[in-house]
Amino acid sequence: MATPNPVTAGHRFLVYVPHEVSGTTMVIDPTTQQVVNTFTTGAESQHVAELGHDDALRHLLTWRPRHPHRPGDGNAGPAIEVEDPYNLYFTPDGAEAIIVEEGNQTLTFRDAKTFAWHSAVYVPCPPQPPRLPADFSYFIATCEFEGTMIKFDMASLLMVGKMTIDMTPSGQVPRNGHAQPQDVRLSADGAIFYVADLQSAGVYLIDGTTMTQIGYVPTGVGAHGLYPSREGCKLYVVNRGTPIVGGPPGGQGSISVIDFATRAVEVTWPIPGGGSPDMGNLTPDGTQLWLGGRYDGEIYAVDTRTGELAARIPVGRNPHGLTVWPQPGRMSLGHTGNMR
């Protein structure tokens, strides 16, 4: 289990909700379920990520556009200029910030503290969340608009592998002629990667070393986000309820719980009345999973002990990369509160 970080000990417990269409970021107190702040962050506000690593975890960032917030009080700070910000990650040593410039199909490397530009690497597709194995020797990322996955060597920062996902095991027929891989997570034992796929109603098991597909687990319509439980035994698969990007609202949204030991779903919790759970994170104690309702203008808190809906709060249009802060752990890997 991740350990607390003394740097974030005084940070106020809040939920940050960026809105892709409304162009605002809303700050919610999860204890009272009340909105405590809302500020303009601009069109296509996509994700809220930690702007720092280890002892520098002092700010959060609404990614696209790039406005830091002070997580101690939930207020906005000055902008950081980036050409095409979509997502933010960090190298394991904390030296480099990895900026995913989705439209430019580029990974830009900057100083993690000053954000001074160092280098950029072109990638053959708009990359989705890079994930690293236990030894940090490489990372893999999904290419959702062509149904592939790519592998980058961390030492050379060169692409060393690519594979196309075979949807045959899912029995699903893709709307776009190919799979649409989304989030990626490493298994608890570090042996394989789990890859959620929007068109496949489930997750694929991928051997990162050989870049081969070794299994498939059905979960629910529009499998999208992946979140390990606090104790590391389970994987919460967020099923967005539709395989269509852009809606419709009121879909067959649900959360499936995979047991890492058996690699099977042990239970699926539907969103009552339908919904579109998308991205988010666990509370520090792991008892609630907070998620944006992407196409329903709402956010959800799911009790991870019972699967019941603990909160359903109306927000702006297209809530996307929601973050719960602070998170336990000492090292930020970026995205929506990924810590080690």
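Note that this is a predicted model, so its numbers are computed, not measured.

1. Describing the pattern of salt bridges
Stage number 1. Inspection of the entire model under this criterion finds 10 salt bridges.
Stage number 2. One salt bridge in this structure joins Asp 183 and Arg 131, with 2.7 Å as the shortest N-O distance. With Asp 183 in strand E15 (residues 181-186) and Arg 131 in the loop between strand E11 (117-122) and strand E12 (138-143), this pair connects stretches of sequence that are 52 residues apart.
Stage number 3. Given a relative accessible area of 6%, Asp 183 falls into the buried group.
Stage number 4. A cluster of three or more residues bridged by salt bridges with shared partners is formed by Glu 20, Arg 240, Asp 278 and Arg 294.

2. Some details on the state of the cysteines
Stage number 1. Tallied over the full model, the rule gives one disulfide.
Stage number 2. Two residues, Cys 125 and Cys 143, share a disulfide whose sulfurs are 1.7 Å apart. With a gap of 18 residues between them, Cys 125 in the loop between E11 and E12 and Cys 143 in strand E12 connect regions that are remote in the sequence. When sorted by exposure, Cys 125 lands in the same class as Cys 143, which is buried.

3. As for the layout of surface pockets
Stage number 1. One number sums up the size of the second largest pocket: a volume of about 330 Å³.
Stage number 2. What lines the second largest pocket is a set of 22 residues, among which Tyr 86, Gln 128, Glu 144, His 224 and His 320 lie closest to the centre.
Stage number 3. Broken down by secondary-structure element, the contributors of at least two residues to the lining of the second largest pocket are E15 and strand E19 (223-228).
Stage number 4. At three residues, E19 tops the list of elements feeding residues into the lining of the second largest pocket.
Stage number 5. When grouped by side-chain class, the residues that make up the lining of the second largest pocket number seven nonpolar, nine polar and six charged.

Reading guide: rules and limits
- Within every chain, residues take consecutive numbers counted from 1 along the sequence as written.
- Where local features are concerned, this predicted model is filtered to residues with pLDDT of at least 70; where side-chain atom pairs are given and counted, the filter is 80 or more; whole-chain, interface and lining totals use all residues.
- Side-chain figures throughout are based on the complete set of non-hydrogen atoms in the structure, without hydrogens or water.
- In the sections that follow, a salt bridge refers to a side-chain nitrogen of Lys or Arg positioned within 4 Å of a carboxyl oxygen of Asp or Glu.
- Secondary structure is summarised from DSSP: a helix means a run of H or I of at least four residues, a strand means a run of E of at least two, and numbering begins at the N terminus for each.
- Only protein chains enter the accessibility calculation, which uses a 1.4 Å probe; a residue is then buried when its area is under 20% of its type maximum, exposed when over 50%, and partly exposed in between.
- Cysteine sulfur atoms are paired as a disulfide whenever they fall within 2.5 Å.
- Two kinds of site are reported from a 1 Å grid over the protein atoms alone, namely cavities, where a 1.4 Å probe fits but cannot get out, and pockets, open sets with protein on both sides within 12 Å along at least five of seven lines, and residues are called lining when an atom falls within 4 Å of a point.
- Grid points are joined across faces, edges and corners, and a volume is the space filled by probe spheres set on the points.
- Any residue that is not Ala, Val, Leu, Ile, Met, Phe, Trp, Tyr, Cys, Pro, Asp, Glu, Lys or Arg is counted as polar, Gly included; the first ten are nonpolar and the last four charged.

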